[in-house]
Each structure stands twice: as structure tokens, then as C-alpha cells.
Amino acid sequence: MNELDALVDAATTSFAQAVTPADLENAKAQFLGKSGRITELMKGLAALPVEEKKTRGAAINLAKQGVEAALTARRQALADAELQVQLKAEALDVSLPGRQRPTGGLHPVSLTLERIEAIFGSMGFDVAEGPEIETDWFNFTALNTPEDHPARSMHDTFYVEGGTETAPNLLRTHTSPMQIRYAVQHVKKHKVLITAGGVMPEIRVIAPGRTYRVDSDATHSPMFHQCEGLWVGQNVSFKDLKVVFTDFCRTFFESDDLVLRFRPSFFPFTEPSAEIDIQFQAGPLAGRWLEVAGSGQVHPNVVRNMGLDPEHYIGFAFGMGPDRLTMLRYDVNDLRLFFDGDLRFLSQFQ
Ligand code: DAH
């Protein structure tokens, strides 16, 4: 092997030992740099006679090309290796199945509330919401509930800060305060008309929401839902209550052979008052009477507290339990299941 071939060999070996691009550039300098071995050989040409210069020059050039080819090949090899490392690190397994996001759904009681709103909405009822922290006035007094009424006892009610010492604020025990709140706003809106002796547009509203009582067993939870209904006008009677509520129950339970019973009862804010029971004619609950709401003709004192003259305005109200309706519709036997947040239970309603 001549001296130039040996030089190309040495360069190739040196390049092969370079593990990083920086190593490789250092190795290159030794052969092709300013004082590299090829460069030195080129410099040596100057001293040679013309003929020899030609042949020697051509040979050195050939060697230089050899070194450059080895350098390019090694550069490529190092770049390829780096790419392989990167590809491996960023490898994507495209055959993995995608991650499924579980889809959420509405809570069964929310489904019921939506249904109640849709049905009463179709009968021309507005939907109103009110505060869960109530004053004594709206929760009791305005609803004709005397001070010694059992519903007012510490035992039954969550009293909270605020209000006065004799009339503290509380978590509303029912949605009935919304009767007064809504009616007062309605009357205010039509005040000019009413004062001028005109006929006020009827009040027709439902008010669903959370309510609270100190109660906890399979059919009672300290937080539960109610939905109030109120229809007040000049000529709204108990007959209208029967028609509206019967229609509602049949639509809600999708059953025409559902029977309703208006059982005489007592509520301070209605007179007469009735408990509404339903009876399914078929299915697992067939034959049993199940209570679904309290109701009655709005008491004159309550009409007065709405800002209306009970001689001219009359109507009915009801308060039902959406939790109870949900239990009946889906045949659930423990109310607490609704509020435990157990997905095994809740996901059955999606
Ligand atoms: N507020 C009553 C309760 O919680 C239910 C009720 C009864 C509401 C009669 C009414 C009604 O509007 O007229 O027990």
C-alpha cells in the first residue's frame, strides 16, 4: 500500500471512531484542516519539478477525494444514527386503540325536572327560580303559616345566619315562597293596569328547585326537590287544578289509564286543600295509591300578600316532589341513591 492509500485508510479509520459530529469535525481538521495532513502534502508540491508536480498533484487530489468521500459517508452515517435514536424515542404505536372519553349525562332528577318544565311549558306556564336561603316572611308568614306551626320548629328546619332574632333566615323548606315572590313581581309589572281597574294577565308559573328539611331515611333526604305550581286569575277554579294536574300526570307517566284522587287535607296557604294521589292501573305499582303533591285553592290571605284583592282574584297552587316522581317513573326504591353520586346507579339513566 502506498503512502497516500495509507493516508486515506487512516482518515477512514479516524472518522469511523468519531461518535459525535463534533468528534468528526476534529478528525476532519487533522486531514483537511489548515495544517492537516492532505494540506501539508499540497504545500509540499511547490518544491517539486513541473512534471512530477502534475503526477504527484493528481495522486494527492485522488487521496483528498478519498478522504472527503469517507468524511461525507461518516457524516451521513452519524446523521442517520441520530435520526434513528430520535424516531425510536418519539415512536407512536398507531395500532393502539384510541382512548375513549366517557360521555356524561343528565341526573335522573334533572331529567324529571326537564320533563316537568316541558309539559307545563306546553300548557303556558312560565318557569321561575328563587333563592334557597329564604326569609321567614316568604317561607312562612306570607304563606299564612302561623307562628306556632310545626313546620317552623328548630327540629324540622335549617335556620341560618341573617334575618331577625324572632324571624331568622332559613334554607327554604318548600318552593311555596316562590308563589309570593313571583306574584309580587307580576303584580308590580301590571300595577298601572290593575290600578286603572283593568284585568291583570293571569299568573301561571311553575317554580322547581332544591328544598331542605331535617329528615333522612329511604324516602326523605335533608336536601330534596320540589316543584311549585301557581295559577291565579279571575276565574280559576279547583276544576282547573284537577284538569291541569291530571293532564300533567298522564303526560309525565305516558299513561292514559292513570287515576288521580284529590284527598282532603290541610295546608295553611290553601283552602280547601287536597293531597293528590295517583294510581297506576298496570305495572309493578298497579293498584296502590301514591301521594305525589299537595295542592289547593290559594288562601285569601295569601292572595292579599301577593298584592291582589281576593274578591277579584282566585286560583290554585300545588307543590310536588320531583324526586318522588323520578322514583315512580324508574321504579327506584331508595331516594338516597339519587344523591350518593354512585356512577353505577346514575349511568343507568343515560
Ligand atoms: N309546600 C307544601 C309542602 O311542602 C306543598 C304544597 C301544598 C304546596 C299545597 C302548595 C299547595 O302549593 O297548594 O308540603
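A few points on the structure. No experiment lies behind these values; they were computed from the predicted model shown.

What follows covers empty space enclosed by the protein. Overall, the coordinates contain 1 cavity of 30 Å³ or more when judged by the stated rule. Taken as a whole, the largest cavity encloses approximately 40 Å³ of empty space. Going through the elements one at a time, α7 (177-189), β5 (203-212) and β6 (223-233) are the ones with two or more residues in the lining of the largest cavity. Of the residues in the lining of the largest cavity, the class split is 7 nonpolar, 2 polar and 1 charged.

We now examine the side chain of S176. You can see S176 is positioned in the loop between β4 (168-171) and α7. Since its relative accessible area comes to 3%, S176 is described here as buried. In this structure, S176 is in contact with L143, E228 and F269, ignoring residues within four places of it in sequence.

The final tally for this structure, using the stated rule, is 18 aromatic pairs. Residues Y330 and F349 carry aromatic rings whose centres are separated by 4.9 Å and whose planes lie at 80° to one another, so their mutual orientation is edge-to-face. Of the two residues, Y330 sits in helix α11 (residues 322-330) while F349 sits in the segment after α12 (343-346), which places them 19 residues apart along the sequence. With relative accessibility at 29%, the residue Y330 sits in the partly exposed group. We classify F349 as buried; its relative accessible area is 15%. Taken together, the ring pairs in this structure connect F120, F125, W231, F245, F248, F252, F253, F280, F316 and F318 into an aromatic cluster. One cation-aromatic arrangement involves R181 over F138; the distance from NZ or CZ to the ring centre is 4.0 Å. The ring centre of F252 lies 5.7 Å from the NZ or CZ of R329, which sits over that ring.

In the region of the ligand, 15 residues are neighbours, and H174, S176, R213, Q226 and E228 sit closest. S176 is positioned with one of its side-chain polar atoms (N or O) 2.9 Å from a nitrogen atom of the ligand. At 3.2 Å, a backbone N or O of A317 approaches an oxygen atom of the ligand. Relative to its free-state accessible area of 350 Å², the ligand is covered by the protein chains to the extent of 90%. Sorting the residues of the shell around the ligand by element identifies β6, β9 (289-298) and β10 (314-320) as the ones contributing at least two each. Of the residues that constitute the shell around the ligand, the class distribution is 4 nonpolar, 9 polar and 2 charged.

Spatially, the 3 strands line up as an open sheet ordered β2-β4-β3, and their pairing is antiparallel. Of all the strands in the sheet, the pair left with one neighbour each is β2 (133-134) and β3 (159-163). In terms of strand pairing, β3 meets β4 through 2 bridges, oriented antiparallel. Within the sheet, the bridge partner assigned to G163 lies in β4 and is P168.

Let us now look at helix α5 (residues 108-122). Taking 1.5 Å of rise per residue, 15 residues should cover 21 Å, and α5 covers 21 Å from first to last C-alpha, within 8% of that figure. Of all the residues in α5, the buried ones are P108, V109, T112, L113, I116, I119 and F120. Buried residues along α5 cover an arc of 140° about the axis, so they all sit on one side. Elements that come into contact with the buried residues of α5 comprise β5, β6, α9 (238-252), β10, α11 and α12. A positive phi of about 90° marks G124, the residue just after α5.

Scanning the model with the defined rule gives 13 salt bridges in all. Among the salt bridges present, the one from E40 reaches K43, with a minimum N-O distance of 3.4 Å. Of this pair, E40 and K43 are both found in helix α3 (residues 37-44), 3 residues apart, which corresponds to roughly one turn of the helix. With a relative accessible area of 38%, E40 lands in the partly exposed category. Measuring nitrogen to oxygen at the nearest pair gives 2.7 Å for the salt bridge that ties R263 to D277. In this pair, R263 sits in strand β7 (residues 259-267) while D277 sits in strand β8 (residues 270-279), placing the two residues 14 residues apart along the sequence. Overall, the relative accessible area of 30% leaves R263 in the partly exposed class. Its relative accessible area of 2% is what places D277 among the buried residues.

Before going further, it helps to spend a moment on the nonpolar core. Core analysis: the largest hydrophobic core is formed by 41 residues, its most contacted members being I116, F120, F245, F248, I278 and M320. Broken down by element, this core gets its largest block of residues, 6 residues, from α9. Core analysis: the next-biggest nonpolar cluster, separate from the first, contains 24 residues, A128, A142, L143 and F269 among them.

The element β8 is extensively covered by neighbouring structure, given that 8 of its 10 residues are classed as buried. One ladder, built from 8 bridges, connects β7 with β8; its direction is antiparallel. Note that in β8 the partner of R263 across the bridge is E275. Remark: 2 residues form the turn of the hairpin made by β7 and β8, two consecutive strands paired antiparallel. Relative to β9, β8 runs antiparallel, the two sharing 8 bridges. Residue pairing in the sheet places Q279 in a bridge with W289 of β9.

The rules behind each value
Residues numbered from 1 in each chain as written. Predicted model: local features only at pLDDT ≥ 70, side-chain atom pairs only at ≥ 80, totals over all residues. Heavy atoms only, no water. 1 Å grid on protein atoms, 1.4 Å probe; cavity = no way out; pocket = protein on both sides within 12 Å on 5 of 7 lines; lining within 4 Å. Points joined across faces, edges and corners; volume = space filled by probe spheres on them. Helix = DSSP H or I, 4+ residues; strand = E, 2+ residues; numbered from the N terminus. Nonpolar A, V, L, I, M, F, W, Y, C, P; charged D, E, K, R; others polar. Buried < 20%, exposed > 50% of the residue type's maximum accessible area, 1.4 Å probe, protein only. Contact = heavy atoms within 4.5 Å. Phe/Tyr/Trp six-rings, centres within 6.5 Å; stacked < 30°, edge-to-face > 60°. Lys NZ or Arg CZ within 6 Å of the ring centre and 35° of its normal. Near = heavy atom within 4 Å. Polar contact = N/O pair within 3.5 Å; in protein donor to acceptor, adjacent residues only side chain to side chain. Areas by Shrake-Rupley, 256 points an atom, 1.4 Å probe, with all protein chains shown as cover. Pairing = 2+ DSSP bridges. Expected span 1.5 Å × (residues − 1). Arc of directions from axis to C-beta. Salt bridge = Lys/Arg side-chain N within 4 Å of Asp/Glu carboxyl O. Core = buried A, V, L, I, M, F, W, Y, C linked by side-chain atoms within 4.5 Å.

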